[in-house]
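Single-letter residue listing:
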Amino acid sequence: MSALFPTLVFSLCFLTSLVCAILLGRSYWQTRLTMLLWSAVCFALLAGSNLLVIFDMLVLPEVNLRPARLWLSLAAVSVLLFGFLWAEDSE
């Protein structure tokens, strides 16, 4: 029972990030707005980070995946920040 709640929370975080990435990507293909592309890439990287949380905490607890998770999160925020700055320059 004690492992059920963290598994549920980590899985829902991963699925939410993945669904956001898919919906943003689909909207980008329809409208070609670059901000949607950068947001989709950001959420895809966040989904990868959340997937690593699942592997780190539940599947492979003896392996430390924290640095990889942090690098993916940093990459996600960096991509979104780059998208904001690039969108500002193009206007």
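The preceding data block contains the structure.
Summarised in this report is the structure supplied together with it. (Residues numbered from 1 in each chain as written. Predicted model: local features only at pLDDT ≥ 70, side-chain atom pairs only at ≥ 80, totals over all residues. Heavy atoms only, no water.)

Moving on: the packing of aromatic side chains. Enumeration over the complete set of coordinates arrives at four aromatic pairs. Of the aromatic side chains, those joined through ring pairs into one cluster are Trp-38, Phe-82 and Trp-86. (Phe/Tyr/Trp six-rings, centres within 6.5 Å; stacked < 30°, edge-to-face > 60°.)

Attention shifts here to the pattern of salt bridges. Tallied over the full model, the rule gives one salt bridge. Here Asp-56 and Arg-69 are joined by a salt bridge, their closest N and O atoms 2.4 Å apart. Linking Asp-56 in helix H2 (residues 34-59) with Arg-69 in helix H3 (residues 66-90), this pair joins segments that are 13 residues apart in sequence. Take Asp-56 and Arg-69: they sit in the same class, and that class is buried. (Salt bridge = Lys/Arg side-chain N within 4 Å of Asp/Glu carboxyl O. Helix = DSSP H or I, 4+ residues; strand = E, 2+ residues; numbered from the N terminus. Buried < 20%, exposed > 50% of the residue type's maximum accessible area, 1.4 Å probe, protein only.)

Residue Arg-69 is classed as buried on the basis of its relative accessible area of 15%. The residues contacting Arg-69, other than those within four sequence positions of it, are Ser-49, Leu-52, Val-53, Asp-56 and Met-57. (Contact = heavy atoms within 4.5 Å.)

With 28 residues, helix H1 (residues 4-31) ought to run about 40 Å at 1.5 Å a step, and its terminal C-alpha atoms sit 40 Å apart, in line with that. Phe-14, Ser-17, Ala-21, Leu-24, Gly-25 and Tyr-28 are the residues of H1 that are buried. Positive phi appears at Arg-32, one or two residues downstream of H1, with a value of about 60 degrees. (Expected span 1.5 Å × (residues − 1).)

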